[in-house]
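Residues per chain, in single letters:
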Amino acid sequence: MTPALLASQLHRESAFTPSATSPAGAEGPAQFMPATWATWGRDDDLNGRDSPRDIGDSVMAQGRFMCSLLGEAKRSGYADDPRALALAGYNAGWGAVQRFRGVPPVSFARGETHRYVKSIMAGIPRFQSAGTFQFSGSGRGPDALRRASVHLGTPYSWGGGTPSGPSPGFCDGANGYLRGTCSASSTTGFDCSSLAQYAYWPSLQLPRVASAQYGATSHHAVARRNLRPGDLLFWSHGGSGAIYHVALYAGEGNVLHAPRTGKNVEVVPLASAMPENDYYGATRP
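Residues numbered from 1 in each chain as written. Predicted model: local features only at pLDDT ≥ 70, side-chain atom pairs only at ≥ 80, totals over all residues. Heavy atoms only, no water.

With omega at 0°, the peptide bond leading from Trp-201 into Pro-202 counts as cis. Among the secondary structure elements, Pro-202 is positioned in the loop between α9 (192-200) and α10 (210-217). Despite not being glycine, Ala-15 shows a phi value in the positive range, around 55°. A relative accessible area of 44% places Ala-15 in the partly exposed class. (Helix = DSSP H or I, 4+ residues; strand = E, 2+ residues; numbered from the N terminus. Buried < 20%, exposed > 50% of the residue type's maximum accessible area, 1.4 Å probe, protein only.)

Laid out in structure tokens, this is it:
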């Protein structure tokens, strides 16, 4: 869950209007029904009352409710993006998601839930730059970084992801497992190299795995002190033949990457993205 996801959802629910009230009786910027508010609402802004019309109370309750739904989504094993599943549960109730084993189709509720999920997911990039990281520049590298940043918060899925976007992955006997269960096959997302491949496609068609991406771009190596947004960074257990991870440089000492099973696409400091001693080098595609 990211600030941009919550902001896009609030925009869809009420356009950030504290006084909003729906014909069904939902109230406030996050549009809580009284029974749902009774479960999730608190006096988070400490003004002496808990109210769905108080923006501080409403947004915090929205976050708690969405966190709970995201947990349900990740445990469900359904193939849809967990964010989309959680949004569908917020709009129509988790029972509707269980009924269809995914986001309800257009035939359900005259397409209201389907449109709700689609519009919020499409609106996330609108709210990302101020809430995540900022960088300037144009060209192949910055454009690739912008393309990848649309998927901040997307789950990691070993073997998942294509040049067209997130997809379910697979387990290979050693990777893709979470707490002893194959998570990748039921998680729609990216792994580290598919995110880099997606970011540069179609202007540059990188190969699929991190070591191959290093081999395809190593002719243009970049010193750490000269990194620019969009440069590819690599980590290895020893030599170019043991490269195991790739990330995109996001500027100001940060990287954007898909880290590992159980985590989501994120922006983190380069120094802590992976073990510092495993850092192998960078290239500029």
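That was the structure; now back to the text.
With that out of the way, let us pick up the pattern of salt bridges. Overall, the coordinates contain ten salt bridges when judged by the stated rule. Across the pair Asp-191 and Arg-208 runs a salt bridge whose closest N-O atoms are separated by 2.9 Å. With Asp-191 in the loop between β4 (188-189) and α9 and Arg-208 in the loop between α9 and α10, the pair connects residues that are 17 residues apart, well separated along the chain. For Arg-208, a relative accessible area of 26% gives the class partly exposed. Notably, a salt bridge pairs Arg-224 with Glu-276, separated by 3.0 Å at the nearest N-O pair. With Arg-224 in the loop between β5 (221-222) and β6 (232-236) and Glu-276 in the loop between α11 (270-273) and β10 (279-283), this residue pair connects regions lying 52 residues apart in the sequence. Arg-224 gets classed as partly exposed once you look at its relative accessible area, which sits at 34%. On the basis of relative accessibility, which here comes to 38%, the residue Glu-276 falls in the partly exposed class. (Salt bridge = Lys/Arg side-chain N within 4 Å of Asp/Glu carboxyl O.)

So, on to the side chain of Arg-284. Here Arg-284 shows up in the segment after β10. Engagement of the side chain of Arg-284 in a polar contact is seen with the backbone oxygen of Asn-226, the distance being 3.0 Å. Those residues in contact with Arg-284, other than ones at most four positions away along the chain, are His-220, Val-222, Asn-226, Leu-227, Arg-228 and Asp-231. (Polar contact = N/O pair within 3.5 Å; in protein donor to acceptor, adjacent residues only side chain to side chain. Contact = heavy atoms within 4.5 Å.)

The interhelical angle for the contact between helix α1 (residues 3-14) and helix α4 (residues 82-92), taken along N-to-C directions, is 35°, at an axis separation of 13 Å. In terms of crossing hand, the pair formed by α1 and α4 is right-handed. Residues Leu-5, Gln-9 and Glu-13 of α1 touch α4, and the partners they reach there are Arg-83, Leu-87 and Tyr-90. In the contact of α1 with α4, the residues fall into three nonpolar, one polar and two charged. (Axes fitted to C-alpha atoms, helices over the stretch in contact; angles between N-to-C directions. Left-handed = near helix turned anticlockwise from the far one by under 90°. Nonpolar A, V, L, I, M, F, W, Y, C, P; charged D, E, K, R; others polar.)

Looking now at the sheet that holds strand β8 (residues 254-257). Strands sit in the order β5-β10-β6-β7-β8-β9 across an open sheet of six strands; the sheet is antiparallel. Looking along the sheet, the strands with just one partner apiece sit at the ends: β5 and β9 (266-269). The pairing of β6 with strand β7 (residues 243-251) spans five bridges and is classified as antiparallel. By the bridge assignment for β7, Phe-234 is matched with Val-246. Packed onto the sheet, helix α8 (residues 140-149) meets β7 and β8 and runs at close to 105° relative to β7. (Pairing = 2+ DSSP bridges.)

Okay, the environment of Phe-100 next. The residue Phe-100 is located in helix α5 (residues 94-100) in this model. Residue classification places Phe-100 among the partly exposed residues on the basis of a relative accessible area of 29%. Setting aside anything within four residues of it in sequence, one finds Phe-100 in contact with Pro-105 and Phe-108.

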